[in-house]
Amino acid sequence: MNIEQRLQCITEQQRAYIQGTVEFVNDEWVFFDEEEEEASLLEEMTEGKIEVFRYGQWLHGYLRENGTVDTGIGMLPLQTGDRVRFHKRFSYAYQEWLAALPDHTFFQFVQWLNKLGFSLYDCLYCYNGLLFAKYTGVNFIIYDNTELISNVQHYYERGNTYKDHFEITFNNGERFICTQLG
């Protein structure tokens with residue numbers, strides 16, 4: 001299963017979206033991020049997929065050049081003040097790390113991470129030794145859920161069998177271990 005299919009199989013992750021409002025300024029759509037309080041060109045913030053909050057719900061679609069959103073059932077023109085959101089992007093190393101995990105390990109890791117109060121989208125940094133064709137090693141992933149910071153150490157072996165061992169340490173000193181073999 002590829003990463004897109006996997007993400008569709010899991011429950012909605014907390015903090016998965018960048019959310020804000022849009023304004024039409026100087027013939028361009030500008031996005032104002034609610035969390036970061038920064039302004040950016042809307043087209044630079046999304047790879048096309050966007051959601052607009054209208055009629056009390058999030059409408060999914062694709063942003064078009066003229067400031068309209070193609071929802072699949074019609075064109076929805078953006079209006080100044082519209083609330084919009086789109087998925088946060090994963091870094092290349094992190095996305096490749098997630099994709100390299102066997103399906104059962106990926107789903108177990110996501111469940112474990114969620115139980116500990118973190119989301120896949122809380123990742124701040126990922127060192128992925130698998131990108132360098134290392135068959136044994138340790139990957140480091142740092143997460144921040146706005147309440148705690150955690151460091152995940154992923155010890156792995158690749159070859160005839162896959163072995164994965166995860167340790168997570170929080171900035172408050174708590175530590176948890178999860179092992180996945182096979």
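Quick summary incoming for the structure in this document. Just so we're clear, the structure is a prediction, and the values are computed from it rather than from any experiment.

1. Some details on the sheet that holds strand E4 (residues 49-54)
At step 1: Strand order across the open sheet formed by eight strands is E3-E2-E1-E8-E4-E5-E6-E7, with antiparallel pairing between neighbours. At either margin of the open sheet sits one strand with a lone partner, and together these are strand E3 (39-41) and strand E7 (75-77). Here the strands of the sheet are splayed against their neighbours by 40 degrees on average, with no regard to which way each runs.
At step 2: Sheet analysis places strand E5 (residues 57-63) next to strand E6 (residues 68-70), joined by two bridges and oriented antiparallel. Among the inter-strand pairings, Leu63 is bridged to a residue of E6, identified as Val69.

2. Remarks on the pattern of salt bridges
At step 1: All told, the structure shown has seven salt bridges when counted by the stated rule.
At step 2: With a shortest N-O distance of 2.9 Å, Arg85 and Glu51 are connected by a salt bridge. A residue pair is termed long-range when its members are at least 10 positions apart, and Arg85 in strand E8 (residues 83-87) and Glu51 in strand E4 qualify at 34 residues. Taken as a pair, Arg85 and Glu51 share a single burial class, namely buried.

3. So, helix H4 (residues 103-115)
At step 1: In this model H4 runs 18 Å from its N-terminal to its C-terminal C-alpha over 13 residues, within 8% of the 18 Å that 1.5 Å per residue would give.
At step 2: Trailing H4 by a residue or two, Gly117 shows a phi angle of about 90 degrees, which is positive.

4. Details of helix H3 (residues 92-100)
At step 1: Turning to H3, its buried residues number three or more, namely Ala93, Tyr94, Trp97 and Leu98. The buried residues of H3 occupy an angular sector of 130 degrees when projected down its axis, which confines them to one face.
At step 2: Here the buried face of H3 lies against helix H1 (3-9), H4, strand E9 (123-127), strand E10 (136-144), strand E11 (149-157) and strand E12 (163-170).

5. Notes on the layout of surface pockets
At step 1: In this structure, the largest pocket occupies an estimated 840 Å³ of space.
At step 2: Glu4, Leu7, Lys49, His87 and Tyr121 are the residues nearest the centre of the largest pocket, which is lined by 27 residues in total.
At step 3: Counting only elements with at least two residues in the lining of the largest pocket, the list comes to H1, E4, E5 and E8.
At step 4: Here the lining of the largest pocket is composed, by residue class, of eleven nonpolar, eight polar and eight charged.
At step 5: For the second largest pocket, the lining is made up of 21 residues, of which Glu35, Lys88, Tyr121, Cys123 and Leu124 are closest to its centre.

6. Some thoughts on unusual backbone geometry
Residues other than glycine predominantly adopt negative phi, and peptide bonds predominantly adopt the trans conformation.
At step 1: Despite not being glycine, Glu37 has its phi angle at roughly 55 degrees, a positive value.
At step 2: Among the secondary structure elements, Glu37 is positioned in the loop between strand E2 (28-33) and E3.
At step 3: At Tyr55, a position not held by glycine, the phi torsion is positive, near 55 degrees.
At step 4: With respect to the helices and strands, the residue Tyr55 is situated in the loop between E4 and E5.

Scoring rules and cut-offs
Residues numbered from 1 in each chain as written. Predicted model: local features only at pLDDT ≥ 70, side-chain atom pairs only at ≥ 80, totals over all residues. Heavy atoms only, no water. Pairing = 2+ DSSP bridges. Helix = DSSP H or I, 4+ residues; strand = E, 2+ residues; numbered from the N terminus. Axes fitted to C-alpha atoms, helices over the stretch in contact; angles between N-to-C directions. Salt bridge = Lys/Arg side-chain N within 4 Å of Asp/Glu carboxyl O. Buried < 20%, exposed > 50% of the residue type's maximum accessible area, 1.4 Å probe, protein only. Expected span 1.5 Å × (residues − 1). Arc of directions from axis to C-beta. Contact = heavy atoms within 4.5 Å. 1 Å grid on protein atoms, 1.4 Å probe; cavity = no way out; pocket = protein on both sides within 12 Å on 5 of 7 lines; lining within 4 Å. Points joined across faces, edges and corners; volume = space filled by probe spheres on them. Nonpolar A, V, L, I, M, F, W, Y, C, P; charged D, E, K, R; others polar.

Honestly, that's just the spatial picture; any functional story needs more than this.
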